[in-house]
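Each chain is listed here by its residues.
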Amino acid sequence: MRTTRFLQPILLASLIAIGLGSAHAQTFSLDWNPRSGDVWVDAQLADMNQYGARYRDPFIDEMVRYHAAPRDLVTDLLVNRRWAPGDIYFACAIAQVIGRPCRQVADEWERDHGQGWGVVAKRLGIKPGSAEFHRLKKGFVPSYDRWGRPIELDADLKRAYPNHGQGGKPDKAQGNEKGNGNGKGNGKGKGKP
């Protein structure tokens, strides 16, 4: 009985700490505003915050494998500096488009992010509506595909990925090549056109 009374305050303190930790994890999504200059991009970055917070290792792997970011940098930004996953993604994606290291763009963002990603990207040479901006936007789609995460395409991206999300095979615009026709199939879908 005495042990139970001793453990109650410890259990209560643990539950409060867990509650505060989850409240802190949610606060960046409530007041976080990337201000990229594109509503669709902002929505995807916000969604990435949820994905990266829940699936940290696949998010880090994506940044390392496909965005040429050093694992120690991504981990430091996410864990130690508590960056939003969407900010990490965008820093590394911008870096790839402009041919600079992710660390350099992250340093730029950390120094002066008060006006948002749109201003930082413009200062780094990515103007709204430019070919670089469209390349940056297109980069979201393969990341979401690798994660198996649904993505709603805006009008520009629907033109770039006309078959995306329609159950068909990805086309070359999506960065995937079509097969050589030697596959056997799985036998499902009998009688369907």
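Refer to the preceding data block for the structure.
Residues numbered from 1 in each chain as written. Predicted model: local features only at pLDDT ≥ 70, side-chain atom pairs only at ≥ 80, totals over all residues. Heavy atoms only, no water.

Caption draft 1: A look at the side chain of His164. Structurally, His164 can be placed in the segment after helix 10 (155-160). According to the relative accessible area criterion, His164 is buried, its value standing at 17%. A distance of 2.8 Å separates the side chain of His164 from the side chain of Asp145, its partner in a polar contact. (Helix = DSSP H or I, 4+ residues; strand = E, 2+ residues; numbered from the N terminus. Buried < 20%, exposed > 50% of the residue type's maximum accessible area, 1.4 Å probe, protein only. Polar contact = N/O pair within 3.5 Å; in protein donor to acceptor, adjacent residues only side chain to side chain.)

Caption draft 2: Region of interest: the pattern of salt bridges. Applying the stated criterion to the full structure yields 12 salt bridges. Note that Arg71 and Asp61 form a salt bridge whose closest N and O atoms lie 3.0 Å from each other. One end of the pair, Arg71, is in helix 4 (residues 71-80); the other, Asp61, is in helix 3 (residues 56-67), with 10 residues separating them in the sequence. Judged by relative accessible area, Arg71 falls into the partly exposed class, the value being 41%. Overlapping salt bridges bring together Glu108, Arg111, Asp112 and Arg123 as one network. (Salt bridge = Lys/Arg side-chain N within 4 Å of Asp/Glu carboxyl O.)

Caption draft 3: Region of interest: unusual backbone geometry. Positive phi outside glycine occurs at Ala68, with the angle close to 55°. Inspection of the secondary structure puts Ala68 in the loop between helix 3 and helix 4. You can call Ala68 exposed: its relative accessible area is 61%. Phi is positive for Arg82, which is not a glycine, with a value near 55°. Along the chain, Arg82 turns up in the loop between helix 4 and helix 5 (85-98).

Caption draft 4: Broad picture of the environment of Ile151. Residue position: Ile151 is located in the loop between helix 9 (140-147) and helix 10. Among the residues examined, Ile151 registers a relative accessible area of 12% and is labelled buried. The spacing of Ile151 and His164 is 13 residues in sequence and 9.4 Å in space, taken between C-alpha atoms. Here Ile151 is in contact with Trp40, Gln44, Phe140, Val141, Tyr144 and His164, once residues within four sequence places are set aside. (Contact = heavy atoms within 4.5 Å.)

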